[in-house]
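Structure assessment
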Amino acid sequence: MKLLAIFIILACGSNLGSAAERDAAITENELIRRTQELYDAVVPGDQAPWKKYFADDSIFADEKGRTMDKLKLIADITPLPAGYSGAIKLEHVRYRKSDFVHARV
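If you're wondering where the values come from, they're calculated on a predicted model, not measured in any experiment.

About the criteria used
- Residues numbered from 1 in each chain as written.
- Predicted model: local features only at pLDDT ≥ 70, side-chain atom pairs only at ≥ 80, totals over all residues.
- Heavy atoms only, no water.
- Helix = DSSP H or I, 4+ residues; strand = E, 2+ residues; numbered from the N terminus.
- Buried < 20%, exposed > 50% of the residue type's maximum accessible area, 1.4 Å probe, protein only.
- Contact = heavy atoms within 4.5 Å.
- Areas by Shrake-Rupley, 256 points an atom, 1.4 Å probe, with all protein chains shown as cover.
- Salt bridge = Lys/Arg side-chain N within 4 Å of Asp/Glu carboxyl O.
- Polar contact = N/O pair within 3.5 Å; in protein donor to acceptor, adjacent residues only side chain to side chain.
- Core = buried A, V, L, I, M, F, W, Y, C linked by side-chain atoms within 4.5 Å.

Moving on to the overall build of the protein chain. Scanning the protein chain from terminus to terminus reveals five helices and two strands. Across the protein chain, helices and strands are ordered from the amino to the carboxyl terminus as α-α-α-α-β-β-α. Across the 105 residues in the protein chain, those meeting the buried criterion constitute 28%. Counting only contacts in the protein chain whose residues sit at least 6 apart along the sequence, the fraction spanning at least 24 positions is 65%. Of the accessible surface of the protein chain, which amounts to about 7300 Å², a share of 56% is contributed by carbon and sulfur atoms.

Rendered as structure tokens:
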């Protein structure tokens, strides 16, 4: 269930990167690498990539109807219970570059 929540968050266009990183162009391969790094961190509950790649002002909504800021999302990333395992591997990735400009209010 937690993996589904993480997938939904990423699929909905999460705001990856610090302010400086967001302003710099990133390659398709780098975006895929970072996304895989996030997925790989789910099972062991490694919060480091999530802290690194998500903007401090991000807002997240999950399948349970919860809305979380970055701090609450990070706190929700914990290892799977003993005896559970899994993996999400990106394959056949489609990438579409957007001309969307992030505006700060």
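Let us keep going from here.
The next point concerns the pattern of salt bridges. In the structure shown here, the tally under the stated rule is seven salt bridges. Here aspartate 40 makes a salt bridge to lysine 89, at a shortest N to O gap of 3.3 Å. Taken together, the residues aspartate 40 in helix H3 (residues 28-40) and lysine 89 in the segment after helix H5 (70-76) connect sequence positions 49 residues apart. Each of the salt bridges in this network shares a partner with another, and the network as a whole consists of Glu30, Arg33, Arg34 and Glu37.

Tracing the chain through its elements places serine 58 in the loop between helix H4 (48-53) and strand E1 (59-61). Here the side chain of serine 58 touches alanine 55 through a polar contact of 3.0 Å, landing on its backbone oxygen.

Grouped together as the largest cluster of nonpolar side chains are eleven residues: Leu38, Ala41, Val42, Trp50, Tyr53, Phe54, Phe60, Met68, Leu73, Ile74 and Ile77. Sorting the residues of this core by element identifies H4 and H5 as the ones contributing at least two each.

Attention now moves to the environment of glycine 86. On the secondary structure map, glycine 86 appears in the segment after H5. For glycine 86, a relative accessible area of 34% corresponds to the partly exposed category. As for glycine 86 and valine 42, which are separated by 44 residues in sequence, their C-alpha atoms are 9.0 Å apart.

Quick look at the environment of lysine 70 now. The residue lysine 70 is located in helix H5 in this model. Separated by ten residues in sequence, lysine 70 and phenylalanine 60 place their C-alpha atoms 7.5 Å apart. If we skip the residues at most four places from it in the chain, lysine 70 touches Trp50, Lys51, Phe54, Ala55, Asp56, Ser58 and Phe60. Engagement of the side chain of lysine 70 in a polar contact is seen with the side chain of aspartate 56, the distance being 3.0 Å.

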